[in-house]
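Here is what each chain is made of, one letter per residue.
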Amino acid sequence: MNISQLIEKAFEAREAAYIPYSGFAVGAALLTADGKIYTGCNIESSSYSPTNCAERTAFFKAVSEGERNFAAIAIVGGLKEKKKGETQLCPPCGVCRQVMMEFCDTSFMVILAVSPDEYNIYTLEELLPLGFGPNNLKK
Ligand code: THU
């Protein structure tokens, strides 16, 4: 599984986005340390706050299947009518960054993509400097 293939999976996942309110479709593809992929899309709610981002959908699917070790996530997003190559980079929200902090090392790779060959890679450390995580609660 290479980076371009992971991004393709994120674009496929984006197709299922449930976005009647924002019209903004996001897809994510989460790669485990042993090479499995869990995908997610954003799922909105008429009462707004229960909305789940694509990244958290992917994490919660994986964690609920027993996965605990993650290598990377690819994220793509933009208005529904924008296709592959037309979207902007879609950085994860603060809540999703915090969920990454729960399950990932600071070297976890966050791939923000516009197309399978146009992307930037960030570490979790770069996106959430001085983040609070499980280590802070160690006795
Ligand atoms: N959203 C995501 O799914 N991931 C992000 O990284 C940013 C925002 C969703 C939430 C909401 O459904 C829509 O995009 C607009 O905020």
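Keep in mind that what you see is a predicted model, and the values were worked out from it rather than measured.

> Tell me about unusual backbone geometry, and please be specific about residues and values.
For Tyr48, which is not a glycine, the phi torsion comes out positive at approximately 65°. You can see Tyr48 is positioned in the loop between strand E2 (37–41) and helix H2 (54–64). The phi dihedral of Leu130 falls on the positive side, at around 55°, and the residue is not glycine. Its place among the elements puts Leu130 in the segment after helix H4 (124–127).

> For the site of the ligand, give the residues involved together with the corresponding values.
Close to the ligand lie 13 residues; Asn42, Glu44, Cys53, Ala54 and Glu55 are nearest. One of the backbone nitrogen or oxygen atoms of Ala54 is found 3.0 Å away from an oxygen atom of the ligand. Pro91 places a main-chain nitrogen or oxygen 3.3 Å from an oxygen atom of the ligand. Look at the ligand: alone it shows 370 Å² of surface, and the protein chains cover 79% of it. For the shell around the ligand, the secondary structure elements donating two or more residues are strand E1 (24–32) and H2. Here the residues of the shell around the ligand are counted per class, giving eight nonpolar, three polar and two charged.

Rules used throughout
- Starting afresh in each chain, residues are numbered from 1 along the sequence in its written order.
- In keeping with the predicted nature of the model, local features appear solely for residues at pLDDT of at least 70, side-chain atom pairs appear and are counted solely at 80 or more, and the whole-chain, interface and lining totals rest on all residues.
- Excluding hydrogens and water, the side-chain figures rest on all heavy atoms present in the structure.
- Comment: elements are numbered from the N terminus, with helices defined as DSSP H or I runs of at least four residues and strands as E runs of at least two.
- Summary of the distance rule: residues count as near a molecule or strand when at least one heavy atom falls within 4 Å of that molecule or strand.
- Here a polar contact means two N or O atoms within 3.5 Å. Within protein one must be a hydrogen donor candidate and the other an acceptor candidate, and residues neighboring in sequence count only if both atoms are side-chain atoms.
- Accessible areas in this description were obtained via Shrake-Rupley with a 1.4 Å probe; residue shielding takes into account the shown protein chains only.
- Throughout this entry, Asp, Glu, Lys and Arg are counted as charged residues, while Ala, Val, Leu, Ile, Met, Phe, Trp, Tyr, Cys and Pro are counted as nonpolar. The remaining residues, Gly among them, count as polar.

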